[in-house]
Amino acid sequence: MFRLALHTPEIPPNTGNVIRLAANTGAELHLIRPLGFSLDERAVRRAGLDYRDLAEVVVHADTGAFADWVTERGARVYAFTTGAATRYTDIAYAPGDVLLFGRESTGLPADAAHADWVTDRVALPMRPSNRSLNLANAAAVAVYEAWRQRGFA
């Protein structure tokens, strides 16, 4: 299946929604520290992250650890960022691909978006006057497109 990765997410309910998304699509979720919240059991329940036990969640110490992880596996990484020339629908996704998203307030930092381990930068089309989509919504659009291409298998 596919892998979703959140680079230093800040808002627990958004991450909770992405955990629920991962649980319901079979995607593996990767969280890259630092996180803007705690993952202890009490905090997880309070933030609506109660689907964590139904999803495969991997936490990486930092961007370097995540980069090592994807490089060791030879995984293709698609960095979702505004202003990218490639549309998310122009990618032929394959199982094991990583769909990488930035934090809610600032998006994906340039050093991550342009890292040598990133296969391509991709964007979700939006009206030019708008800033961005909600993180969980963007992740849902992307993972469902990837899954659709594989016949929802």
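Residues numbered from 1 in each chain as written. Predicted model: local features only at pLDDT ≥ 70, side-chain atom pairs only at ≥ 80, totals over all residues. Heavy atoms only, no water.

This part takes up the overall build of the chain. The number of helices and strands found in the chain is 5 helices and 7 strands. Across the chain, helices and strands are ordered from the amino to the carboxyl terminus as β-α-β-α-β-α-β-β-β-α-β-α. Its C-alpha atoms give the chain a radius of gyration of 14 Å, near enough to 15 Å, the size a compact globule of 153 residues would have. Each of the three principal axes of the chain carries a C-alpha extent, and together these read 40 × 35 × 30 Å. Within the chain, buried positions represent 47% of all 153 residues. Across the chain, every contact between residues at least 6 apart in sequence was considered, and the portion connecting residues at least 24 apart equals 76%. (Helix = DSSP H or I, 4+ residues; strand = E, 2+ residues; numbered from the N terminus. Rg over C-alpha atoms; globule rule 2.2 N^0.38 Å. Buried < 20%, exposed > 50% of the residue type's maximum accessible area, 1.4 Å probe, protein only. Contact = heavy atoms within 4.5 Å.)

Our next topic: the pairing of strand 2 (residues 28–32). Among the 5 residues of strand 2, 5 are classified as buried, and the element is accordingly described as predominantly covered. By the alternation rule, side chains of strand 2 split into Glu-28, His-30 and Ile-32 and Leu-29 and Leu-31, which are all buried. In this sheet, strand 2 lies alongside strand 1 (residues 3–7) in parallel orientation, the contact comprising 5 bridges. Looking at the pairing, Leu-6 lines up with Leu-31 of strand 2. Crossover strand 1 to strand 2 through helix 1 (residues 12–25) is right-handed. Where strand 2 lies against strand 3 (residues 57–60), 4 bridges are found, and the strand directions are parallel. (Pairing = 2+ DSSP bridges. Right-handed = clockwise from strand over helix to strand, strands pointing away.)

Its location among the elements puts His-30 in strand 2. By relative accessible area, His-30 is classed as buried at 0%. Residues contacting His-30, with those up to four places away along its chain left out, are Arg-3, Leu-4, Ala-5, Leu-6, Val-58, His-60, Phe-66 and Trp-69.

Overall, the coordinates contain 5 salt bridges when judged by the stated rule. Residues Arg-103 and Glu-10 are paired through a salt bridge, measuring 3.2 Å at the closest nitrogen-oxygen approach. With a gap of 93 residues between them, Arg-103 in the loop between strand 6 (98–101) and helix 4 (110–113) and Glu-10 in the loop between strand 1 and helix 1 connect regions that are remote in the sequence. As a salt-bridge pair, Glu-145 and Arg-148 come within 2.9 Å of each other at their nearest N and O atoms. Of this pair, Glu-145 and Arg-148 both sit in helix 5 (residues 135–149), 3 residues apart, which is roughly one turn of the helix. Judged by its relative accessible area of 10%, Glu-145 falls in the buried class. When its relative accessible area of 44% is taken as the criterion, Arg-148 is described as partly exposed. (Salt bridge = Lys/Arg side-chain N within 4 Å of Asp/Glu carboxyl O.)

So, about the UniProt feature "binding site: S-adenosyl-L-methionine" (unreviewed entry) in the chain. Taking the UniProt record as the reference, the feature "binding site: S-adenosyl-L-methionine" (unreviewed entry) is found at Gly-102, Leu-124 and Ser-132. Taking the farthest pair of C-alpha atoms as the criterion, the annotated set spanning 31 residues converges on one region, since that pair is 13.5 Å apart. Positionally, Leu-124 belongs in the loop between strand 7 (120–123) and helix 5. The residues contacting Leu-124, other than those within four sequence positions of it, are Phe-80, Tyr-88, Leu-133, Ala-138 and Val-141. Its place among the elements puts Ser-132 in the loop between strand 7 and helix 5. On the basis of relative accessible area, Ser-132 is assigned to the partly exposed category, the value being 39%. (UniProt positions renumbered as here; feature names shortened; annotations may be inferred.)

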